[in-house]
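Letter by letter, the chains look like this.
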Amino acid sequence: MTERRSPETSTAPFFSRRSLAGRLLWWFLCISLLPLGVATWVTYATTDAAVRRSVAENLRAIAEAKADQIEAFARESKKGVSAISRSPELARALEAYGGALAGGVSSPKYVEVDRANRPFLSSYTESAGYPDLYLLTPNGDLVFEVKAGAEVGTNFLTGPNRGSQLAKVFDRAKTLLETEISDFEYSSRTGSHVAYIAAPVYQGGKVIGVVAFRLSNAAIAAIVNNYTGLGRTGETLVGSRAGDHITFVAPTRHDPRAGFSRKIRIGGASGEALQRAVRGMRGGGAFTDYRNVESVGAWSYLPSLRWGMVVKIDADEAFAPLASYRRATLILGVLLVVAVIGVAGFLARSIAEPLVRLTRAAALISGGDLKQRVPESGQDEIGELSRAFNRMTADLSELYETIEEKVRTRTRELQDANEQLEATREQAEAANRAKSTFLANMSHELRTPLNAVIGYSEMLQEEAEDTGQEAMIPDLQKINSAGKHLLELINAVLDLSKIEAGKMDVYYETAEVGGLLRGVAGIVEPLAAKNRNRFEVICPADIGDLRADVTKVRQTLLNLLSNAFKFTHEGTVTLEARREPAGKAESIVFHVRDTGIGMTPEQQAKVFEEFSQADASTTRKYGGTGLGLSISRKFCRMMGGDIVLTSEEGTGSTFTVTLPADGKPVEESVELPEAAIALKAGPGSTVLVIDDDESARDLMVRHLSKDGFSVVTAASGDDGLRLAREMKPDVITLDVMMPRTDGWTVLAALKADPALAAIPVVMTTMVDNRTLGYALGVSEYLTKPIDRSRLSEVLEKFRRDGRDFTVLIVDDSPSIREMTRRTLEKEACRVLEAENGRRALEMLENGLPDLILLDLMMPEMDGFEFVEETRRNETWRGIPIVVVTAKDVTEDDLRRLGDAARAIVSKGDDQVEHLLAQIRTLSARTGQTAEE
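If you're wondering where the values come from, they're calculated on a predicted model, not measured in any experiment.

Rules used throughout
Residues numbered from 1 in each chain as written. Predicted model: local features only at pLDDT ≥ 70, side-chain atom pairs only at ≥ 80, totals over all residues. Heavy atoms only, no water. Phe/Tyr/Trp six-rings, centres within 6.5 Å; stacked < 30°, edge-to-face > 60°. Helix = DSSP H or I, 4+ residues; strand = E, 2+ residues; numbered from the N terminus. Buried < 20%, exposed > 50% of the residue type's maximum accessible area, 1.4 Å probe, protein only. Lys NZ or Arg CZ within 6 Å of the ring centre and 35° of its normal. Core = buried A, V, L, I, M, F, W, Y, C linked by side-chain atoms within 4.5 Å. Contact = heavy atoms within 4.5 Å. Pairing = 2+ DSSP bridges. Axes fitted to C-alpha atoms, helices over the stretch in contact; angles between N-to-C directions. Salt bridge = Lys/Arg side-chain N within 4 Å of Asp/Glu carboxyl O. Expected span 1.5 Å × (residues − 1). Polar contact = N/O pair within 3.5 Å; in protein donor to acceptor, adjacent residues only side chain to side chain.

> Please explain the packing of aromatic side chains as it appears in this structure.
The description of an aromatic ring pair uses the distance of the two centres, along with the angle that the planes make with each other. By the definition in use, this model includes 10 aromatic pairs. Look at tyrosine 134 and tyrosine 196: their rings are 5.8 Å apart centre to centre, the planes differ by 70 degrees, and that puts the pair in the edge-to-face class. Of this pair, tyrosine 134 sits in strand 1 (residues 132-136) while tyrosine 196 sits in strand 5 (residues 192-203); the two residues are 62 residues apart in sequence, bridging distant segments of the chain. Judged by relative accessible area, which is 7%, tyrosine 196 ranks as buried. Between the aromatic rings of phenylalanine 184 and tryptophan 307, the centroid separation amounts to 5.6 Å while the plane-to-plane angle is 40 degrees, which identifies the pairing as tilted. Here phenylalanine 184 is found in the loop between strand 3 (180-181) and strand 4 (185-187), whereas its partner tryptophan 307 is found in strand 12 (residues 307-314), with 123 residues between them in sequence. In terms of burial, phenylalanine 184 and tryptophan 307 fall into one category: buried. By way of ring pairs, the aromatic residues Tyr97, Tyr110 and Phe144 are connected into one cluster. Taking NZ or CZ as reference, arginine 253 lies 4.6 Å from the ring centre of tyrosine 227, over its face. In this structure, lysine 552 packs its charged tip against the face of phenylalanine 635, placed 5.4 Å from the ring centre.

Structure representation (structure tokens):
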């Protein structure tokens, strides 16, 4: 009898462990169920932690915001009272009331003084928004009150009011000579709790009394009673310590009558968070509030008012979402397990059967039967794979038949593409040259006013130190620091062409991230206030250090923050730093978020392009060159990081900067230069020969060695600069045309280095087989802003035997001339001034100075034309000229200055004697200078 198999038995081999379907089913279940369980648990745990962290961060943010608002209110109140206390009219009124009080408040003299001064004193009170104003003499007599009451004429140190808050704040202001705020106290006159702000009044540098204003707690109560973001049970507690108790100074949500009535005993079990706050502690967490209800919140101390503040919410409300999430997670997990088992069986069968058919068909095709076709079935990936097999077979057949024609066609297309790419490259290079020229010319206009800002701030700082005005020094230091930083930003923008040319270096150093952010925040604080924005800095205390080019990191953050403040009005800008894992290493991630205008996808696509703004309307409204973001991203990529943008129009933008935490210089494969050759030929002078031509170097070595010189050679400009710094040679010969770093670049670097600027340089070049050399045609070269120590060195170099030393300043900027004149006069120099080259020539007709400080960019006659004119005149030719300019000097500029060069030398064997003569002369001058 034949046994019939049931359908279940017949399908068993299909799902055996040896079949594809069986293995798929097994692995589907393993891959799905195990991770599902782990994911469910991890998701719940993560959500629990996230909810708790979110609640804590939200409360901490609300607490910080309220503390900032209250502190800002206190600071602005102090600032306003301080400003009023410095009014000369107020001082005269206080002195007049004090003198008239001797006859009593009803005396004709007091009435006359009161009639003359009460109107403007009342206007002070009304304009400042305070209920009352008081004037007290140094001995504590109240001589005036806007709300004229019985206290006028009483003494607040010995009279019945001696223990009042007004008496206390008067005593602190008079003793500490600062603006002070008192605690709140109940006033029977007003029927409410009031505080006082007092400031000393000066006349002739002497304290003649104190002015005080009465302060209502309405503004502070409005901040405290704002429950935005605190749900149904959240509230703000504000308390002031008095002895062994803490008194609530504002009503609470659950106790509207708590203000100045509810108290907490220090050391008791109730209100432990508020106890911590009044002790000056900051923090957050769970605690039992004054109602003995479990709560979670954040606490901080308000130093201006000497209060403690707690922002809290009931724990049941804060963590209510967790209970609902726990139930939903359990139900969803059960449903997913059932669904996974069913779907796994279906997928295993549906995938295995078509793949078996495809495997057989693929074997036939691999055997070379290109006419073979795979059965096409289904619209899923398996069906697409079948159709792909068929298309592949057809394409191979066609390819074998037409391969030669396709090769010819592709070759022609490639040639056309190369020609198009070459044309595009030439256009891009032309545009880049135009941009570089624009930046070079703009550098003068940008740096010249900055030179005045930096120079005058330094002078004012010195004067403040000399005159003992210590209070002005921090502000002057901030001005100087901001000016120098702005100069760094301008220089960075002008370095854009260097970045694209591959000439920008990255200097790695280690910096503490928290300190870096504090420095950046200090610089941008004025930008935050400009558009009434709130600025937040979030940085974990244990974030650690960052190894990178700190200057470029700082400039990147300042660029991003500047944009954020510019495009945000009355919003919030946040700078956040985090340390995150990045593979085996770590990264420092900076987020710059704003609640500004945001960007559309089209604007985001071009925001990092050079010389680009979001659109024309944005440029007209907000200004800017469109370079900051481009340079910032280039800087980050040079340091191994990047910048990405997320934004939504109308809601704000977030720029994320990611940098390696332990950045290292990029190792470049560079051909090592030829070793320097040093031929010691005796005690003669040392000559450094910089030339990329080996034969030219050998020729120079032979001839100079015979003449008794010690010769050192360098095959590139970079090596030449390094050897010049190490050896300090007596003379340098410098080739103009060299790869990578040409002679003009090396010359500019030599003149910019104070340690190398005095070394004579003879430049050599070869143009069209005719010899033509250039050397710098001026005595020195300084860049703006002027380094005062470097200027002093230049003056000492040209000063002769202590006699009167006359300097002619030629500059079109009056502020630059005045600042330079003041610096020179401190160096005991006689100073002449000319606003342009033409005026300077007229002054030379009347007398010759010992030294000329010359700007290059001037109207009517610029510095280049002036140099040409002076070198044509035999009488003027010997006057030393020091170029002082903010312009980025180009090769053409140096050639123009070189027309009046003191050393013109050619390459070639027939001119060696001429070269030797120039080197001997320069070497002798250097030795003579050293002896002097």
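> Sorry, what's going on with the environment of alanine 755 here?
Looking at the element boundaries, alanine 755 is found in the loop between helix 20 (743-752) and strand 24 (761-764). For alanine 755, a relative accessible area of 47% gives the class partly exposed. The sequence separation of alanine 755 and lysine 728 amounts to 27 residues, and the corresponding C-alpha distance is 8.2 Å.

> Quick question: what am I supposed to make of the nonpolar core here?
One recurring pattern in soluble globular proteins: nonpolar side chains tend to sit buried together. Counting residues in each nonpolar core, the largest one holds 72 residues, and the members touching the most others are Tyr97 and Leu135. In terms of residues, this core owes the most to one element, helix 2 (residues 20-85), which gives 10 residues. If near-sequence neighbours (up to four positions away) are discounted, leucine 135 is found in contact with Leu90, Leu94, Tyr97, Leu121, Asp141, Leu142, Val143, Phe144, Val210 and Val211. The next biggest cluster of nonpolar side chains, apart from the first, holds 42 residues, and it includes Leu546, Ala564, Val592 and Ile631.

> How do you make sense of the sheet that holds strand 7 (residues 235-242) when you look at a structure like this?
Strands in a sheet are paired, the pairing made by backbone hydrogen bonds, and the direction either parallel or antiparallel. Read across the open sheet, the 6 strands follow the order 9-8-7-12-11-10; overall the sheet is antiparallel. The open sheet terminates on both sides in strands that have one partner only, identified here as strand 9 (263-265) and strand 10 (283-288). Averaged over all pairs of adjacent strands, the angle between their axes in this sheet comes to 30 degrees, without regard to strand direction. Bridge count between strand 11 (residues 294-302) and strand 12: 8 bridges; the pairing is antiparallel. Along strand 12, the bridge assignment pairs serine 300 with methionine 309.

> Explain the pattern of salt bridges to me, please; I cannot follow it from the model alone.
A side chain of one charge can pair with a side chain of the opposite charge when the charged atoms of the two come close. Summed over the entire model, instances satisfying the criterion amount to 32 salt bridges. Between arginine 822 and glutamate 463 there is a salt bridge, with the nearest N and O atoms lying 2.6 Å from each other. Of the two residues, arginine 822 sits in helix 22 (residues 814-826) while glutamate 463 sits in helix 10 (residues 381-467), which places them 359 residues apart along the sequence. The exposure class assigned to glutamate 463 is partly exposed, which follows from its relative accessible area of 36%. Here glutamate 860 makes a salt bridge to arginine 838, at a shortest N to O gap of 3.9 Å. Here arginine 838 lies in helix 23 (residues 837-846) and glutamate 860 lies in the loop between strand 30 (851-854) and helix 24 (863-872), a separation of 22 residues in the sequence. The class of glutamate 860 is exposed, set by a relative accessible area of 59%. A network of salt bridges, in which partner residues are shared, links Glu235, Asp289, Arg291, Lys312 and Asp314.

> Help me out: how do you make sense of unusual backbone geometry in this one?
Backbone phi values are negative for most residues with the exception of glycine, while trans is the configuration of most peptide bonds. Residues other than glycine seldom take positive phi values, yet asparagine 292 does so here, at roughly 65 degrees. Positionally, asparagine 292 belongs in the loop between strand 10 and strand 11. Of note in this structure, arginine 532 is not a glycine but carries a positive phi near 55 degrees. Following the sequence through the fold, arginine 532 ends up in the loop between helix 13 (513-530) and strand 14 (534-538). Using a relative accessible area of 58% as the deciding quantity, one classes arginine 532 as exposed.

> Mind showing me how you'd approach the pairing of strand 6 (residues 206-216) here?
For a regular strand, side-chain orientation follows a simple rule: the groups alternate between the two sheet faces. The buried fraction of strand 6 is high, at 8 of 11 residues. As paired elements, strand 5 and strand 6 share 10 bridges and run antiparallel to each other. By the bridge assignment, valine 201 is partnered in strand 6 with glycine 209. Once strand 5 ends, the chain turns through 2 residues before running back antiparallel as strand 6, passing glycine 204 with a positive phi of about 65 degrees.

> Just checking my understanding: could you explain helix 3 (residues 88-100) for this structure?
When the terminal C-alpha atoms of helix 3 are compared, their 18 Å separation across 13 residues agrees well with the 18 Å that a helix rising 1.5 Å per residue should span. Along helix 3, the residues that are buried comprise Leu90, Ala91, Ala93, Leu94, Tyr97 and Ala100.

> Is there a simple way to think about the pairing of strand 5 in this case?
Bridge count between strand 3 and strand 5: 2 bridges; the pairing is antiparallel. Across the sheet, the residue bridging to isoleucine 181 is isoleucine 197, located in strand 5.

> Looking at this model, I keep getting lost on the side chain of arginine 817. Mind explaining?
Take arginine 817: it is sitting in helix 22. Engagement of the side chain of arginine 817 in a polar contact is seen with the backbone oxygen of aspartate 811, the distance being 2.7 Å. Once residues lying within four places of it in the same chain are set aside, the contact partners of arginine 817 are Ile809, Asp811, Asp812, Glu833, Ala834 and Glu835.

> Looking at this model, I keep getting lost on the side chain of glutamine 275. Mind explaining?
With respect to the element layout, glutamine 275 can be found in helix 7 (residues 272-278). A distance of 3.0 Å separates the side chain of glutamine 275 from the backbone oxygen of glycine 268, its partner in a polar contact. Not counting chain neighbours up to four residues away, the residues in contact with glutamine 275 comprise Ile246, Ile264, Arg265, Ile266, Gly267, Gly268 and Ser270.

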